[in-house]
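# Secondary and tertiary structure notes
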Amino acid sequence: MKKVFIKNFGCQMNVRDSEVIAGLLQKSGYRICADPAKADIIILNTCSVRQHAEDKVWSEAGRFKSGKLIGVVGCMARNYGQRIFERSPNVSFVVGPADIAKIPDIIAKLGKDKAIFERKIFETEGEERPEEIYHTGFYEDKNHAFVVISEGCSNFCSYCVVPYVRGRLHNRNYEDVLKEMQKALEKGITRFTLLGQNVNAYQYDDVNFVKLLRLINSIEGLEEFSFVTSHPRDTSVDLFKTMNELGKLKKYLHLPVQSGSDRVLKLMNRGYSRKFYLDLADNYRKIVRGGVLTTDVIVGFPTENEEDFRETQDLIKAVRFNGAYIFKYSPRPATEAFKMADTVSRQEKERRHRLILDMQKEISSKVKSRKYEKHK
């Protein structure tokens, strides 16, 4: 029985994809291994959202010597295709996000070939995953499970590579989602996180995201569930009312704002204004009692000037997020923003990043202290 080591890079969607790959390989007779030194096969499940994530993969791929079968799968596979073989000659197979169901067969083919380390296989052109891959029953955590409700994204934010590497938005049948959760419950898993690049754009037949939340909340035996990530443009007061009402749904919303400047938001193709976001956050605070609100912010987007940056600072001060992920803009090939000159220097990006980070840390600390005082 050959051993497989899977290393994951990137978001929670990638975490679930790695579980799916592990489940498919186990069903095909392979054993999942925690030590790469003892593994026959190395799979790197990759991310292309930021340059730093890609750099880590290139470095990791170069660490493994000959004698092992090495595969690069996920977003970088779709983004770079056969060019991965040129940069990392020790890689034997490259598989895109929509093609992961083919991994067991690819490994079997390579394993049968005597010239195993001379052959190269790539599968990166798939558009839609077969539903059955989500039903292998493999989960790393025995108490909690990630459940994908949608794949890909059709928003085409100008800085984001996701639509190009994961394809356009595809929503899973809600009946399949409920079936997957029911099977996990039978294994003793009682907590779930719904995943999608834009979960609240979910729509399958007459079931939208709010209706799906109600269906899940009614599942017997389920104790708690949450969801990530939401797009402000598709977020509504109806969602907030539903979040407040449903007893099993965590009162947590991750709502990426990215910038507080209308000019930059337009360049980012976010589809909402500063005022729209502020009103949305205000409604969330008023409607969802005790609700936690977090966000993403990008600093140093092309042409972002000091006034744009101050507007982002002011928005963060006004909303008082419980927490925030702050990123320095990283140009991504194939995106619209990649065509724009990267006008903000590395030093300036770092300065803005540090200022926002320090400010948010202070806000988070004060918000946490105030909640603690209320519960004393």
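Summary of the structure given here. (Residues numbered from 1 in each chain as written. Predicted model: local features only at pLDDT ≥ 70, side-chain atom pairs only at ≥ 80, totals over all residues. Heavy atoms only, no water.)

In this section: the packing of helix α1 (residues 12–27) against helix α5 (residues 103–112). It is the contact of α1 with α5, at a shortest axis distance of 9 Å, that shows an interaxial angle of 55°. By the angle between their directions, the pair α1 and α5 is classed as oblique. Side by side, α1 and α5 meet where I21, L24 and L25 of the first sit next to I103, P104 and I107 of the second. Its residues assigned to classes, the contact of α1 with α5 shows 6 nonpolar, no polar and no charged. (Axes fitted to C-alpha atoms, helices over the stretch in contact; angles between N-to-C directions. Helix = DSSP H or I, 4+ residues; strand = E, 2+ residues; numbered from the N terminus. Parallel < 35°, antiparallel > 145°, perpendicular 65-115°, else oblique. Contact = heavy atoms within 4.5 Å. Nonpolar A, V, L, I, M, F, W, Y, C, P; charged D, E, K, R; others polar.)

This next bit is on the nonpolar core. Within the largest apolar cluster, 53 residues are counted, with the highest numbers of intra-cluster contacts made by M181, F192, L194, F209, L213, F227 and Y277. Other than its neighbours up to four places away in sequence, L194 contacts V147, I149, M181, V199, F209, L213, I216, F225, S226, F227 and V228. Counting residues in each nonpolar core, the second largest holds 28 residues, with V20, L24, L25 and L195 among its members. (Core = buried A, V, L, I, M, F, W, Y, C linked by side-chain atoms within 4.5 Å. Buried < 20%, exposed > 50% of the residue type's maximum accessible area, 1.4 Å probe, protein only.)

In total, this model carries 27 salt bridges according to the counting rule given. A salt bridge links E19 to R16, with the nearest nitrogen and oxygen atoms 3.0 Å apart. Taken as a pair, E19 and R16 lie in helix α1 at a separation of 3 residues, close to a single helical turn. Taking the shortest distance from any N to any O, the salt bridge between R352 and E304 comes out at 2.8 Å. Note that R352 is positioned in helix α13 (residues 346–375) and E304 in the loop between β15 (292–299) and α12 (306–319), a separation of 48 residues in sequence. Within this structure, R16, E19, E131, R172 and E180 form a network of salt bridges that share partners. (Salt bridge = Lys/Arg side-chain N within 4 Å of Asp/Glu carboxyl O.)

With that out of the way, let us pick up the sheet that holds strand β10 (residues 191–195). Strands pair in a sheet through their backbones, by hydrogen bonds, and they do so in one of two ways: parallel or antiparallel. If you trace the 3 strands from one edge of the open sheet to the other, you get β7-β10-β13, paired in parallel fashion. Two strands lie at the open edges of the sheet, namely β7 (144–148) and β13 (224–228), each paired on one side alone. Along the sheet, successive strands turn relative to each other by an average axial angle of 20°, direction set aside. Both β7 and β10 contribute to a ladder of 5 bridges, which runs parallel. Looking at the pairing, F146 lines up with T193 of β10. Along the sheet face, helix α8 (residues 209–217) touches β10 and β13 and points at about 160° away from the line of β13. (Pairing = 2+ DSSP bridges.)

As a further point, take helix α7 (residues 174–186). Since there are 3.6 residues in each turn of an α-helix, residues three or four apart along the chain are aligned in direction. Helix length check: α7, at 13 residues, gives a terminal C-alpha distance of 19 Å against a target of 18 Å (1.5 Å per residue), a fit within 8%. Looking only at α7, the buried set comprises Y174, D176, V177, E180, M181, A184 and L185. Residues of α7 that are buried sit in contact with α1, β7, β10, β11 (203–204), β12 (207–208) and α8. (Expected span 1.5 Å × (residues − 1).)

Attention now moves to the layout of surface pockets. By volume, the largest pocket amounts to about 1200 Å³. Lining of the largest pocket is provided by 47 residues; of these, C11, V49, R50, T229 and D296 occupy positions nearest its centre. Within the residue set of the lining of the largest pocket, elements represented by two or more residues are α1, α2 (51–63), α6 (162–166), β10, β13, β14 (252–254), β15 and β16 (323–328). (1 Å grid on protein atoms, 1.4 Å probe; cavity = no way out; pocket = protein on both sides within 12 Å on 5 of 7 lines; lining within 4 Å. Points joined across faces, edges and corners; volume = space filled by probe spheres on them.)

We now examine the side chain of T136. Tracing the backbone shows T136 in the loop between β6 (121–123) and β7. You can call T136 buried: its relative accessible area is 19%. Of the polar contacts made by the side chain of T136, one reaches the backbone nitrogen of F138; its length is 3.5 Å. Once residues lying within four places of it in the same chain are set aside, the contact partners of T136 are G23, L24 and K27. (Polar contact = N/O pair within 3.5 Å; in protein donor to acceptor, adjacent residues only side chain to side chain.)

Before going further, it helps to examine the packing of helix α11 (residues 274–287) against α12. With their axes 10 Å apart at the nearest point, α11 and α12 run at an angle of 15° to one another. Of the possible angle classes, the one that applies to α11 and α12 is roughly parallel. As for how α11 packs across α12, the hand of that crossing is right-handed. Along its contact with α11, which presents R274, Y277, L278, A281 and R285, the element α12 presents E311, T312, D314, L315, A318 and V319. Looking at the contact of α11 with α12 residue by residue, the classes come out as 6 nonpolar, 1 polar and 4 charged. (Left-handed = near helix turned anticlockwise from the far one by under 90°.)

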